[in-house]
Amino acid sequence: MKNSFLVTNRSVLVFLLCLALFTLGVTVLAEATGAGVISTSFVKTLGKTLCLCLIAIAMDVVWGYCGILSLGHFAFFGIGGYAIGMWLMYARTHDIVVGSLSNDVIPATSAEISDAIGTQIFGVVGSSEFPLIWAFAHSLPLQLAAVVIVPGLLALVFGWLAFRSRVTGVYLSILTQAMTLALSLYLFQNDSGLRGNNGLSGLQNMPGSDLGQDVLSIRFFWASAVALGLGYVLFAFVISGKMGSVIRAIRDDEARVRFLGYHVESYKLFVFTITAMVAGIAGALYYPQAGIINPAEIAPIASIYLAVWVAIGGRGRLYGAVIGATFVSLLSSWFTGGGAPNIDLGFYEIVWTDWWLVLLGLSFVLVTLLFPKGIGGLFDYITINREKGPKA
Amino acid sequence: MSALLEVSGVSVTFDGFRAINNLSLSINEPELRAVIGPNGAGKTTFMDIITGKTKPDTGHVLWGEQSRNLLGMSESAIAREGIGRKFQKPTVFEAQTVRENLAMALKNKRGPFDVLFYRKSAEGATRIEELAAEVGLTEQLPRTAGELSHGQKQWLEIGMLLAQDPRLLLVDEPAAGMTPAEREHTTDLLVRAAKTRAVIVVEHDMEFVRRLNCKVTVLHEGSVLAEGSLDHVTANPQVIEVYLGR
Ligand SMILES: Nc1ncnc2c1ncn2[C@@H]1O[C@H](COP(=O)(O)OP(=O)(O)OP(=O)(O)O)[C@@H](O)[C@H]1O
Ligand SMILES: [Mg+2]
């Protein structure tokens, strides 16, 4: 079954091939595994970009295929990041605390160790107590499970409430935006249990491992590439065949789909939840490469960017989302990172760190108006021309 | 032979305007029934009520052997009960191919996971070919539905209706935009379908209704004005008045 699906979907194979070649290329050029042409920090940037591609294809499925303009998927991404970040921070602090206490004459009790870890982690918000949500932070498997379960459950409950009352279109977008805003505001509070606006930091260090950042960065890069490949296959499977047909039909005329006997709300809930879970995984891979997560990452604007990437890349095609996320996020870090030379107009200097957002907004408007199919639409011209070629 | 569908005492008000007024009607299985009536008589609204699109203020809609009440059910659940509908304005999924449209309508399990793991079967493909042949769209199967002519879209929607294999077909003005030959074909199709199921056809065209050769219900201002053979109802002075007086 899987075989026949992959064989009939050649574009998936092409994508996997490109991804594999890209991964190989980076590996050969990276510091830890190859020529050292690509710096460790750039390997991290590329790895993070792959994670952004993963959430972008999730966004494309939920918006481009199912027609739900969710402006909240970055919340799920952030939750995935927090879930893994809690373990990373706990385990590392635990190692440090145990290491420093081991010199004492009297061995420390487990309560003392726990107190010391608490003070280390929560000192910045004036506390040393472990909040309830940290109950499983000591366990990697449980926090890994939380990476998919928590976003999945949140999406399930939120989606059930929203879809059941048949909230659609702009109202639904606003609702998802409100959800993100609420979550981010909650996390900003010191007593949220997640260190308020300090967020979680030091996530780039792998507890219990003495591997250097060069090695860790390439491993996370590989993990991100594998996750993107698997995610791509998963979503290509979902949008292929009859499921894809029903999902696109819901996007185009959901009332009509109901009269064919399909329970539209279940389908939306399925798509919303599965994409939220993948967004969680993407976040869990992203933040260890970023090293820090704080509530600002979940701010509503992040989810809007996500929609912009997908629109610019071309929605309704998975590779379009990948192109959009790669292109815009790399360009964005180039502009905001001071990579782009400022333009001196004599009377005014265009400083790209300030003007980049304006440029992005303009391109979004232009693409939406003039090229609704986005960058991915260019591939249509190529294939159409090729089809026309021999006949002419 | 008991009634498959029984509508009794149904009323609907839109912003104070009574579109359906104490309407009662029942249909057997199998049976072919034509519903006629002037514009705004409430024919489409009547179908909206049966299919769950519009909730009536009062009345009952009872269905099947167990006389289940359809009124509390969602549109999709009603469709799964075996009630299929063709809309007045042809509504097909224009961005998808004719084949995909038919495949979606095919009678199969409707749950998300059934659909996710559904893979094309030989029987399904044969059934689609048969349906396409029946509605004359064999050539068009790989085409995008949006490219079809108005008449072809009508056909596609009729094909989708047959694909669902419903017990009750509600067909709203199927012949609009069709050539005389196509109209004749539609009549044949509906008459054949009605050999094994209940079919309710709404149509303005009297010639069309005459060819259906079945019991006719005349709606006017949301209630039944007359019922019987076409000759019987057209002889009814009230019906003449309604039709001539509009
Ligand atoms: N959703 C609605 N809101 C307000 N009024 C409505 C609504 N739906 C129908 N109506 C009104 O109810 C009346 C019956 O409409 P309906 O569409 O059922 O008529 P019809 O018999 O199908 O007419 P036609 O032959 O033109 O298709 C009309 O006066 C219409 O304007
Ligand atoms: Mg009508």
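Each remark here, short or long, concerns the structure printed above.
As the structure is a computational prediction, the values presented were derived from the model and not from experiment.

Caption draft 1: A negative patch on the surface, seen in detail. Where like charges cluster on the molecular surface, the negative patch consists of Asp104, Glu112, Asp115 and Glu129 of chain A. Summarising the element assignment, Glu129 of chain A is placed in the loop between α5 (110–122) and α6 (140–164).

Caption draft 2: Main features of the interface of chain B and chain A. With 30 residues of chain B at the contact, the number on the chain A side is 25 residues. Looking only at chain B, the three residues that lose the most surface to chain A are Phe93, Met104 and Arg119 of chain B, adding up to 23% of its buried area. Applying the counting criterion to the chain B and chain A interface returns three salt bridges. For the pair chain B and chain A, the number of links is twelve residue pairs in polar contact (both at pLDDT 80 or more). Looking at the side of chain B that touches chain A, the elements that each hand over two or more residues are α2 (75–81), α3 (98–105), α4 (112–116) and α6 (150–163) of chain B. Classifying every residue of the side of chain B that touches chain A gives 15 nonpolar, seven polar and eight charged.

Caption draft 3: Geometry of the pattern of salt bridges. Under the counting rule described, the total for this entry stands at 24 salt bridges over all chains. Within the structure, one salt-bridge network assembled from shared partners comprises Arg166, Glu254, Arg258, Glu265 and Lys268 of chain A together with Glu75 of chain B.

Caption draft 4: Summary view of unusual backbone geometry. All names here are of chain B. Backbone torsion omega between Glu29 and Pro30 reads 0 degrees, so that peptide bond is classified as cis. Within the secondary structure layout, Pro30 lies in the loop between β2 (17–28) and β3 (31–36). Unusually for a residue other than glycine, Glu221 sits at a positive phi of about 45 degrees. The topology assignment puts Glu221 in the loop between β9 (215–220) and β10 (223–228). Among the residues examined, Glu221 registers a relative accessible area of 56% and is labelled exposed.

Caption draft 5: Highlighting the coordination of the magnesium ion (ligand 2). Residues and elements named next belong to chain B. Within the first shell, the magnesium ion (ligand 2) binds the protein through Thr44 (OG1) and Gln88 (OE1), at distances of 1.9 to 2.2 Å. Taken as a pair, Thr44 in helix α1 (residues 43–50) and Gln88 in the loop between β6 (83–86) and α3 lie far apart in primary sequence, 44 residues in all. Residue class for Thr44 comes out partly exposed when judged on its relative accessible area of 28%. On the accessibility criterion, Gln88 (36% relative accessible area) is partly exposed.

Caption draft 6: Highlighting the side chain of Lys153 of chain B. Relative to the elements of secondary structure, Lys153 of chain B occurs in helix α6. Apart from residues no more than four positions distant in its own chain, Lys153 of chain B is found in contact with Pro90, Val92, Glu94, Ala145, Gly146 and Leu148 of chain B.

About the cut-offs
Residues numbered from 1 in each chain as written. Chains lettered and ligands numbered in written order. Predicted model: local features only at pLDDT ≥ 70, side-chain atom pairs only at ≥ 80, totals over all residues. Heavy atoms only, no water. Patch = residues over 30% accessible without salt bridge, like charges linked within 9 Å, V, L, I, M, F, W, Y side chains within 5 Å. Areas by Shrake-Rupley, 256 points an atom, 1.4 Å probe, with all protein chains shown as cover. Salt bridge = Lys/Arg side-chain N within 4 Å of Asp/Glu carboxyl O. Lys, Arg positive; Asp, Glu negative; His and termini not counted. Charge placed at Lys NZ, Arg CZ, Asp CG, Glu CD. Helix = DSSP H or I, 4+ residues; strand = E, 2+ residues; numbered from the N terminus. Contact = heavy atoms within 4.5 Å. Buried area = accessible area lost by both parts, 1.4 Å probe. Polar contact = N/O pair within 3.5 Å; in protein donor to acceptor, adjacent residues only side chain to side chain. Nonpolar A, V, L, I, M, F, W, Y, C, P; charged D, E, K, R; others polar. Buried < 20%, exposed > 50% of the residue type's maximum accessible area, 1.4 Å probe, protein only. Donors = N, O, S within 2.8 Å, 3.2 Å for Na, K, Ca; no water.

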